[in-house]
Amino acid sequence: MTPIGTVRTARTTPEDDHWAPVTSLIELDDAQLSADAVAGLDEFSHLEVVYSFHLCDPAKTTRGARHPRGDTALPRVGVLAQRVKDRPNHLGVSPCELLKVEGLRLHVRGLDAIDGTPVLDIKPYLTEMTPPGAEIREPAWVHEVMKAYW
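Owing to the predicted nature of the structure, the values given are computational and were not obtained by experimental measurement. (Residues numbered from 1 in each chain as written. Predicted model: local features only at pLDDT ≥ 70, side-chain atom pairs only at ≥ 80, totals over all residues. Heavy atoms only, no water.)

Even after reading the chapter, I still don't get the pairing of strand 2 (residues 23–28), so can you show me in this structure?
Regular strands show a simple pattern: their side chains alternate between the two faces of the sheet. Both strand 1 (residues 5–9) and strand 2 contribute to a ladder of 5 bridges, which runs antiparallel. Within the sheet, the bridge partner assigned to T9 lies in strand 2 and is S24. Of the pairings in the sheet, the one linking strand 2 to strand 7 (residues 105–109) comprises 5 bridges and is antiparallel in character. Note on strand 7: the bridge partner recorded for T23 is R109. (Pairing = 2+ DSSP bridges. Helix = DSSP H or I, 4+ residues; strand = E, 2+ residues; numbered from the N terminus.)

Structural data, given as structure tokens:
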């Protein structure tokens, strides 16, 4: 895959919590996208950003089960049952608030990606993509892990 842009932000190290106030700039690559690639994007309040966990050490990739955040008080669950960065393919998918579109520069808030992160794709966040009548179910430990994330 070829990145379509790069995240620019003051946050330079991967951290687990307090992402809500973080503002970032996504600089889209004009060699990959034309200026009209963002036409209509400013009508959306939120985006889903697909990016690469580019600083992850391949030797630390989780391919089985582990305790979320290494907390042994939490149940051991498979890598596909959590959103850990040290995962196969090192892909991240995160929602964030779109603040402003300036040409191929997207100003966002709450994107949990660090400075220099390669952006692979961007999609508008659509509530209509939730399956009709969906009742979202998640285990209790998720609340514990996410309580300070945003």
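Even after reading the chapter, I still don't get the pairing of strand 6 (residues 91–102), so can you show me in this structure?
Here 7 bridges tie strand 3 (residues 46–52) to strand 6, and the two strands are oriented antiparallel to one another. When the bridges of strand 6 are listed, L47 appears paired with C96. As judged from the 5 bridges shared by strand 6 and strand 7, these two strands associate in the antiparallel manner. Residue pairing across strands places K100 opposite H107, the latter belonging to strand 7. Adjacent in sequence and paired antiparallel, strand 6 and strand 7 are bridged by 2 residues, among which G103 carries a positive phi angle near 60°.

Before we go on, may I ask you to explain the sheet that holds strand 1 in this structure?
Overall, antiparallel pairing links the 6 strands, which are arranged 1-2-7-6-3-8 in a closed barrel. On average, each strand axis in the sheet is tilted by 45° relative to the strand beside it, whichever way the strands run. (Axes fitted to C-alpha atoms, helices over the stretch in contact; angles between N-to-C directions.)

Please clarify how the nonpolar core should be interpreted in this entry.
Core analysis: the biggest nonpolar cluster contains 20 residues, and I26, L28, L47, V49, L106, L111 and I122 have the highest contact counts within it. No other element matches strand 3, which puts 3 residues into this core. Apart from residues lying up to four places away in sequence, L106 is in contact with S24, L25, I26, L28, V38, L41, L47, L98, K100, V101 and I122. Grouped together as the second largest cluster of nonpolar side chains are 5 residues, V77, W141, V142 and V145 included. (Core = buried A, V, L, I, M, F, W, Y, C linked by side-chain atoms within 4.5 Å. Buried < 20%, exposed > 50% of the residue type's maximum accessible area, 1.4 Å probe, protein only. Contact = heavy atoms within 4.5 Å.)

How should the pattern of salt bridges be read in this particular structure?
If charged atoms from side chains of opposite charge come close, those side chains can pair. Applying the stated rule across the entire model yields 9 salt bridges. Between R69 and D16 there is a salt bridge; the shortest N-O distance is 3.9 Å. Here the residue R69 occupies a position in the loop between strand 4 (65–66) and strand 5 (77–78), and D16 occupies one in the loop between strand 1 and strand 2, the gap between them amounting to 53 residues. A salt bridge links D17 to R69, with the nearest nitrogen and oxygen atoms 2.9 Å apart. Linking D17 in the loop between strand 1 and strand 2 with R69 in the loop between strand 4 and strand 5, this pair joins segments that are 52 residues apart in sequence. Salt bridges sharing common partners tie together R8, E27 and R105. (Salt bridge = Lys/Arg side-chain N within 4 Å of Asp/Glu carboxyl O.)

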